[in-house]
Amino acid sequence: MCCVPGMKRIHTAADLRAALAGACDTAFVPTMGNLHAGHVSLVTSAKRIGQPVVASIFVNPLQFGAGEDFARYPRTLDADCDKLAAAGCDFVFAPTVAEMYPHPQTFMVRVPESIAGDLCGAFRPGHFDGVATVVLKLFNLVRPRTALFGKKDLQQLHVIRGLVRQFNLPVEIVAGDTLREPDGLAMSSRNAYLSPSERRQAPQLHHELATLAAAARAGDGDFESLVATARRRLSMAGWRVEYIAVRDAATLAAPAAGTTECVVLGAAWLGRTRLIDNLNFTLGDPG
Ligand code: PAF
């Protein structure tokens with residue numbers, strides 16, 4: 001399949017199948033919409049990787065827990081389509097909930113407790129089962145050769161890599177770097193929830209992770225105390241911290257003796273907004 005003039009919006013699985021008939025090099029960017037420059041950069045990368053480029057926009061109810069923000073998650077389809085078209089996306093797949101889950105979805109992917117009960121999963125029971133289930137369905141519908149995901153949702157990226165590996169899915173996963181606002185705040189659709197004063201305070205999460213990473217790079221190996229300091233500073237500034245954790249960058253397990261490539265991850269609430277971020281660092285490399 002070669003170039004498609006203009007971007008086509010598709011809302012049903014049948015139309016998607018028809019549009020993608022014969023495509024064998026599809027590059028796919030799954031999203032929940034309310035797109036920012038991070039999503040656009042994934043689409044730009046996708047264009048260099050495969051053809052056609054398909055983006056999905058679907059706020060997936062299965063990955064939201066009771067009391068989470070499913071109902072108020074920003075739905076901005078027209079503005080999103082303008083951004084995708086400008087980035088050169090060929091097809092946007094924007095199904096309804098009834099189209100994605102025509103019968104109650106009783107078959108689910110179950111992510112192992114060692115992952116699903118860790119980091120974000122520990123605070124969002126069922127979240128990664130919902131993510132893995134919808135991504136598996138989307139992969140079956142789009143049948144991409146490549147799929148692109150952002151590194152900001154690092155644990156999600158690990159879940160999806162595990163899904164692909166363990167189910168032998170014929171998809172190559174490509175990770176896109178986190179894009180940041182000039183003050184360091186990681187771009188996220190949920191930043192739209194922040195009040196002006198919360199928005200001014202929000203870069204502190206990145207700042208505390210960067211401070212911890214700098215101390216560790218400079219040789220401070222007492223991660224427990226570095227984490228406690230970061231938590232305390234955030235809490236004193238009014239954040240409700242879920243976790244700050246230093247992990248092996250490749251596996252997200254606790255760093256073992258000899259681990260050099262690390263990542264510090266954090267999740268914390270500012271008012272009614274839950275923000276997550278992470279930063280890679282190399283031990284013994286003061287930069
Ligand atoms: O990262 C997201 O936007 C979502 O979790 C995803 C991967 C599109 C699944 O709904």
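Preceding this paragraph is the structure being described.
About the thresholds
- Residues numbered from 1 in each chain as written.
- Predicted model: local features only at pLDDT ≥ 70, side-chain atom pairs only at ≥ 80, totals over all residues.
- Heavy atoms only, no water.
- Helix = DSSP H or I, 4+ residues; strand = E, 2+ residues; numbered from the N terminus.
- Rg over C-alpha atoms; globule rule 2.2 N^0.38 Å.
- Contact = heavy atoms within 4.5 Å.
- Areas by Shrake-Rupley, 256 points an atom, 1.4 Å probe, with all protein chains shown as cover.
- Lys, Arg positive; Asp, Glu negative; His and termini not counted.
- Charge placed at Lys NZ, Arg CZ, Asp CG, Glu CD.
- Buried < 20%, exposed > 50% of the residue type's maximum accessible area, 1.4 Å probe, protein only.
- Pairing = 2+ DSSP bridges.
- Axes fitted to C-alpha atoms, helices over the stretch in contact; angles between N-to-C directions.
- Near = heavy atom within 4 Å.
- Polar contact = N/O pair within 3.5 Å; in protein donor to acceptor, adjacent residues only side chain to side chain.
- Nonpolar A, V, L, I, M, F, W, Y, C, P; charged D, E, K, R; others polar.
- Phe/Tyr/Trp six-rings, centres within 6.5 Å; stacked < 30°, edge-to-face > 60°.
- Lys NZ or Arg CZ within 6 Å of the ring centre and 35° of its normal.

Q: What is the right way to read the overall build of the chain from this model?
A: Within the chain, the regular secondary structure consists of 11 helices and nine strands. For 287 residues, the compact-globule formula gives about 19 Å, and the C-alpha radius of gyration of the chain, at 19 Å, lands near that figure. For the chain, the proportion of contacts with a sequence separation of at least 24, taken over those separated by at least 6, is 71%. For the chain, the exposed area adds up to about 13,400 Å²; of that, 55% sits on carbon and sulfur atoms. For the chain, the distance from the average position of its 29 positive side-chain charges to the average position of its 27 negative side-chain charges is 3 Å.

Q: Hey, could you run me through the environment of V142 in this one?
A: In this fold, V142 is placed in helix α7 (residues 127–142). Residue classification places V142 among the buried positions, given a relative accessible area of 2%. With sequence-adjacent residues up to four places away left out, V142 is seen in contact with L16, L20, T26, F28 and V54.

Q: I would appreciate a short explanation of the sheet that holds strand β5 (residues 146–150) in the present structure.
A: Strands belonging to one sheet form pairs held by backbone hydrogen bonds; the direction of such a pair is parallel or antiparallel. Sheet architecture is open: six strands sit in the order β1-β4-β3-β2-β5-β6, paired in parallel fashion. Each having just a single partner strand, β1 (8–10) and β6 (172–176) make up the two edges of the open sheet. The average undirected angle you get between the axes of adjacent strands in this sheet is 25°. Bridging between β5 and β6 involves five bridges; their strand directions are parallel. Considered in β6, the bridge of L148 is made with V174. Against the sheet, helix α3 (residues 77–86) engages β1, β3 (53–57) and β4 (91–93), with an angle of about 165° to β3.

Q: Please clarify how the site of the ligand should be interpreted in this entry.
A: In the vicinity of the ligand, the residues found are P30, T31, M32, Q63, V134, F149 and Q156. Note that an oxygen atom of the ligand is positioned 2.6 Å from one of the side-chain N or O atoms of Q63. One of the side-chain N or O atoms of Q156 is found 2.7 Å from an oxygen atom in the ligand. Tallied by class, residues from the shell around the ligand come to four nonpolar, three polar and no charged.

Q: Please explain the packing of aromatic side chains as it appears in this structure.
A: This model, assessed by the stated rule, comprises six aromatic pairs. Ring centres 6.2 Å apart and planes at 25° place the aromatic pair F123 and Y243 in the stacked group. Of this pair, F123 sits in helix α6 (residues 119–123) while Y243 sits in strand β7 (residues 240–248), placing them 120 residues apart in sequence. With a centroid separation of 6.4 Å and an interplanar angle of 65°, the aromatic rings of F139 and F149 are classed as edge-to-face. Linking F139 in helix α7 with F149 in strand β5, this pair joins segments that are 10 residues apart in sequence. Three or more aromatic residues link up through ring pairs in this structure, and these residues are F28, F139 and F149. When the ring centre of Y193 is taken as origin, the NZ or CZ atom of R72, which lies over that ring, is 3.9 Å away.

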